[in-house]
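Listed below, chain by chain, are the residues.
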Amino acid sequence: MVDELFQGWGGTAGTQNAVLSSTDYLSQAAKTFNNIEDGFYISPAFLDKITIHVAKNFMDLPKIKVPLILGIWGGKGQGKTFQCALAFKKLGISPIVMSAGELESGNAGEPAKLIRQRYREASDQIKKGKMCALFINDLDAGAGRMGEATQYTVNNQMVNATLMNIADNPTNVQLPGVYKNEEIPRVPVICTGNDFSTLYAPLIRDGRMEKYYWNPTREDRIGVCMGIFQEDKVSRGDVEILVDTFPGQSIDFFGALRARVYDDKVRDFIKGIGVENIGKRLINSREGKVNFEKPAMPLDILIKYGQQLVDEQDNVKRVQLADAYLAGAELAGTGGSSLPETYRKQ
């Protein structure tokens, strides 16, 4: 039986009617950044760290052991992945990408095998004369141990051990069951995460992983926000005031803030067509995409919506119903969790 990829329609024709298109040969992990437009801010320190790491891994430095892995870690929502994407585009690199979800599987050993496959795939690109790297998103979420409540599986062990082995032998990475001594081009590995202290300590030692703590400065935050609001004609002065008004917020807060400003426009659109007609207008509509004028974004409006987002964050930290339900078993009543906010304030 011929594989269905190579059969004609419905599997009825022979192999002379191949239906395999060229896109089927392309890796699902290869990523390009053609959709990233110019005008976004790249932190000079961030770009410097990635550029030096990539360059050192492609150089033959005498009697110098260059760490294969660059671990970029820092707070949530600080733009680590997007800064990496901008740096890759600047360097002309189309990386092979892995996510934390691929570092665990129902089959023992599958994630470790996948890492080796992706590494060799990147190595093949380098062999063809293209710069490439292996980029692993949120490594600590997939291979780290988050407290005693997180189960440490065989796959966690094998992922850590595989990355250690690749870091020690970057030009001799074999697939399971293949034991021929074949030298392949070295591939720089770049990982992001929030807390690398959750990883296996020998993996993050200095000889294997170079660590970089990303905590954007005020100038970095202003630069990124200028990119976020560049189409809205928000002046640099207003952006500086906005950043200084919410100094404790991560960078993605300002992206969420910009999206929140569109709420009034969307609300007017819904009122215009009626709630019952939303599905007909938004899904496979003959009228095409919904277009409306961009909302004005004066500083006072941005601060107002920003404060609403902060209030919602405070509610999450303040209410914490799980503690009330699990520990105190609170029931509805005078002091229960069902009491409206207005009564609490009286």
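Residues numbered from 1 in each chain as written. Predicted model: local features only at pLDDT ≥ 70, side-chain atom pairs only at ≥ 80, totals over all residues. Heavy atoms only, no water.

### Remarks on the overall build of the protein
A count of helical and extended segments in the protein gives 13 helices and five strands. Taken over 346 residues, the protein has a buried fraction of 37%. Across the protein, contacts joining residues at least 24 apart in sequence account for 74% of those joining residues at least 6 apart. Surface exposure of the protein reaches about 20,500 Å², of which carbon and sulfur atoms provide 53%. (Helix = DSSP H or I, 4+ residues; strand = E, 2+ residues; numbered from the N terminus. Buried < 20%, exposed > 50% of the residue type's maximum accessible area, 1.4 Å probe, protein only. Contact = heavy atoms within 4.5 Å. Areas by Shrake-Rupley, 256 points an atom, 1.4 Å probe, with all protein chains shown as cover.)

### Regarding helix H8 (residues 251-261)
Turning to H8, its buried residues number three or more, namely Ile251, Phe253, Phe254, Leu257, Arg258 and Val261. What you see down the axis of H8 is that its buried residues fit within an arc of 150 degrees, all on one side. Contact partners of the buried residues in H8: helix H6 (218-228), helix H7 (236-245), helix H9 (263-273) and helix H11 (299-319). (Arc of directions from axis to C-beta.)

### Details of the sheet that holds strand S2 (residues 96-98)
Across the sheet, which stays open at both edges, the five strands sit in the order S2-S3-S4-S1-S5 with parallel pairing between neighbours. Taken across any chain shown, the strands that pair with only one partner, and hence form the sheet edges, are S2 and strand S5 (209-213). Between one strand axis and the next, the sheet turns by 20 degrees as a mean value, whatever way the strands run. Contacts between helix H2 (residues 80-91) and the sheet are confined to strand S1 (69-73), strand S3 (134-136) and strand S4 (189-193), with S4 contributing the most and set at about 155 degrees to the helix. Each of S2, S3 and S4 touches helix H3 (residues 110-127); the most contacted strand, S2, lies at about 160 degrees to it. (Pairing = 2+ DSSP bridges. Axes fitted to C-alpha atoms, helices over the stretch in contact; angles between N-to-C directions.)

### Looking at helix H1 (residues 44-58)
Under the 1.5 Å per step criterion, the end-to-end length of H1 is 21 Å for 15 residues, consistent within 8% with the ideal 21 Å. Within the sequence span of H1, burial applies to Phe46, Leu47, Ile50, His53, Val54 and Asn57. Seen from one end, H1 has its buried residues packed into an arc of 140 degrees, which puts them on one side. For H1, the secondary structure elements touched by its buried residues are S1, H2, S4 and S5. (Expected span 1.5 Å × (residues − 1).)

### Some details on unusual backbone geometry
Positive phi values are uncommon outside glycine, yet lysine 63 reaches one of about 55 degrees. Locating lysine 63 in the fold gives a position in the loop between H1 and S1. The exposure class assigned to lysine 63 is exposed, which follows from its relative accessible area of 86%. Phi is positive for asparagine 284, close to 50 degrees, though the residue is something other than glycine.

### Describing the packing of H3 against helix H5 (residues 154-168)
Interaxial distance between H3 and H5 falls to 8 Å at its minimum, and their mutual angle equals 30 degrees. On the basis of the axis angle, H3 is roughly parallel to H5. For the crossing formed where H3 meets H5, the hand is right-handed. Contacts between H3 and H5 involve Glu110, Pro111, Ala112, Ile115, Arg116 and Tyr119 from the first element and Asn155, Met158, Val159, Thr162, Leu163, Asn165 and Ile166 from the second. Broken down by class, the residue content of the contact of H3 with H5 amounts to eight nonpolar, three polar and two charged. (Parallel < 35°, antiparallel > 145°, perpendicular 65-115°, else oblique. Left-handed = near helix turned anticlockwise from the far one by under 90°. Nonpolar A, V, L, I, M, F, W, Y, C, P; charged D, E, K, R; others polar.)

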